[in-house]
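Residue-level structure breakdown
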Amino acid sequence: MSVGSAADVEEVMKKYDRESNTRVWEGVPGQVVRWLSVLFSLYSIYVTLFSTAMPEVRLNIFLGTILILGYLHYPIKKGNVKPNSLPVYDILIMIAGAGPFFYFALHATDIIKLATRVTKDPLMVAMAVCAVLAYMELCRRCVGVPILVVVGLLLVYTFANVRFGKVVYDLFYTTTGLMNTPINVCAKYIVVFIIFGAFLERTGISTFFIDLANCVAGASSGGPAKVAVISSALCGMVSGSSVGNTVTTGSVTIPMMKRTGYRGEFAGAVEAAASTGGQIMPPIMGAAAFLMAEYMGIPYAHVALKAVLPAILYFTGIYIAVHLEAKKLGLKGIPKEELPKLKELLPKIYLLLPLIVLVVMVSTNMYTMQFSATVAIGVTILVGLVNKDNRINLNKIIDALESGGKGTISVAVACAMAGIVAGCITSTGLASRLITIIVNISGGRAIIALFLTMLCCIILGMGVPTTATYCIMAATCAPILISPQIGIMKVCAHFFVFYFGIVADITPPVALAAYAGSAIAKSPPMKTAFNASRLAIAAFICPYIFCLNPAMLLEFGNMSGGMMAFTIIQLIITSLIGLFGVAAGLCGYLYKDIPIVLRILLVAGGISMMVPGTLTDVIGLAALAAVILYQRRGAATAAS
């Protein structure tokens, strides 16, 4: 069967994924750029652990360095670029953009003392404008146009309503603009976790996860698809990138699925949906999890814990869907003799040690998050030294540091843009106006407000990293949902925008993860994207459910311990049964093909069971039971 090569995947990524369009550096210039990234990673680890510098010093050095690295890696437009080429205009932009940050860092105390008087100096104003414009251009290159459009419109609105000097001061010279919460969290926590992920990948843990998934589910009906679900969930804990996860595990799982008998568009969709869901898998959850902790004002460990149940439901929904598809097509599993043996994998269980150390240190609040991540990096190196099949060496350590530095660029740029958005909203008081607009459109009904927010997240998240989407939506839409007029809990609102920022990667028309899967599977991109959206239906339902029933996020109010346990058990049971009904209805198969009317009834009954309330549970259960019994009787009659 035709399967896409690495070159096919790279071509698609260069077409749709801005982060894949980087300059080509060779020879001595390549080594210089490489070591700049390595030194930046080492510097970032040092700063997060030991720096006592004021934020204006620490963050400006971080922002200036990111700007330099960004222009060294991302050209002005997509496509192949001449090796070792850095146009003069990029050098000028880099100097004009990064210079103000380093100048601010060197003279931070004096500038802070000047306060708003700093904007009376034309040179200081010009420096601030150059820095902001340089970051906006870098955002266009490595993050995308959608977020830039939002920033641009907000800046136009802000300048139209607020004095020019005040806007410049707020956005550049205070911690309410570029140096707002997102970039502070990025410099303090996210960068270290990105570096940790780069190190973990070099231990061969992805291969271990795939082998483990094969051992668990490979022999069952349609085994390779189930392997893709399990391995992508595990690998996603590490990568935090839906596209990267799709390419990494998909290069192994998609060919296996096609050999088993799955259609190309279905095989690519399974991998894309599972890989996208990897970003909601604790403990890493992609870079946005740390921002969520900061925005919600709760410990990161609590964020990871609250994400457990929705993540289980998400992957269970995909698992059920691929099982039903396998039954529908009559697919078999992988022969047992071709599968890895458990006794061969158990000796490699030590590869999980870095993750275990990280989870224990973070969840017990023994040390700070950044210290815990640094210790986990050290454990990863030790584990890599022990792993004789993929032993870590000095070159791999340098590669990991370089990859961590490069991986930070797009996240940091997105966080900087989110800071500008937050600064504009603060300066203009736009939040209250947005609340009024949404309340008027929705009539104060939460479900309509949630639907409008979902559309915003998906549209804004198309082709944009999850972190960028979450930052913007956390600053704009989450406060609307939390407002007294709508009344959604703070935790629920932030998880809601987080989830729909993620599913943009598999939602047409710009579904990067699905396109990556289609490139490997050699399948039509749009068909793959629609299949991925169908498989990931839980991601479109669960956010509404936990907004209506916060218990899914372990928010119990004043419930007693016994009542909490009962609520959780009831929620898990009804949600899983409901997911089964929805998956069966969308697949169109149980014991035999299901007529369209009964498929609609299954979907409606499944959703009813997921909606909180005893009455809806009873109605949904009755609908599902009736269809299942009818199907089973019909299949038995046909067989006889």
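Above this text you will find the structure in question.
Residues numbered from 1 in each chain as written. Predicted model: local features only at pLDDT ≥ 70, side-chain atom pairs only at ≥ 80, totals over all residues. Heavy atoms only, no water.

Notes on the packing of aromatic side chains
Considering all chains together, one arrives at 21 aromatic pairs under this definition. A centroid spacing of 5.7 Å and a plane angle of 35° characterise the contact between phenylalanine 40 and phenylalanine 62, whose relative ring orientation is tilted. With a gap of 22 residues between them, phenylalanine 40 in helix α2 (residues 27–50) and phenylalanine 62 in helix α3 (residues 55–73) connect regions that are remote in the sequence. Aromatic pair phenylalanine 498 and tyrosine 499: ring centres 6.5 Å apart, planes at 80°, arrangement edge-to-face. Phenylalanine 498 sits in the buried class, given a relative accessible area of 0%. The class for tyrosine 499 is buried, based on a relative accessible area of 2%. One aromatic cluster is present, formed by Tyr295, Tyr470, Phe495, Phe498, Tyr499 and Phe546 through successive ring pairs. (Phe/Tyr/Trp six-rings, centres within 6.5 Å; stacked < 30°, edge-to-face > 60°. Helix = DSSP H or I, 4+ residues; strand = E, 2+ residues; numbered from the N terminus. Buried < 20%, exposed > 50% of the residue type's maximum accessible area, 1.4 Å probe, protein only.)

Some details on the layout of surface pockets
Reported here for the second largest pocket is a volume of approximately 440 Å³. What lines the second largest pocket is a set of 18 residues, and nearest its centre among them are Val150, Leu434, Cys456, Thr476 and Cys477. Secondary structure elements with two or more residues in the lining of the second largest pocket: α7 (145–161), α21 (430–442), α22 (446–461) and α23 (466–482). (1 Å grid on protein atoms, 1.4 Å probe; cavity = no way out; pocket = protein on both sides within 12 Å on 5 of 7 lines; lining within 4 Å. Points joined across faces, edges and corners; volume = space filled by probe spheres on them.)

Some points on a nonpolar patch on the surface
Together, Leu353, Ile356, Val360, Met366, Tyr367 and Phe371 make up an exposed nonpolar region whose accessible area comes to about 550 Å². The element contributing the most residues to the nonpolar patch is helix α18 (residues 353–363), with three residues. Within the secondary structure, tyrosine 367 is located in the loop between α18 and α19 (369–386). (Patch = residues over 30% accessible without salt bridge, like charges linked within 9 Å, V, L, I, M, F, W, Y side chains within 5 Å. Areas by Shrake-Rupley, 256 points an atom, 1.4 Å probe, with all protein chains shown as cover. Salt bridge = Lys/Arg side-chain N within 4 Å of Asp/Glu carboxyl O.)

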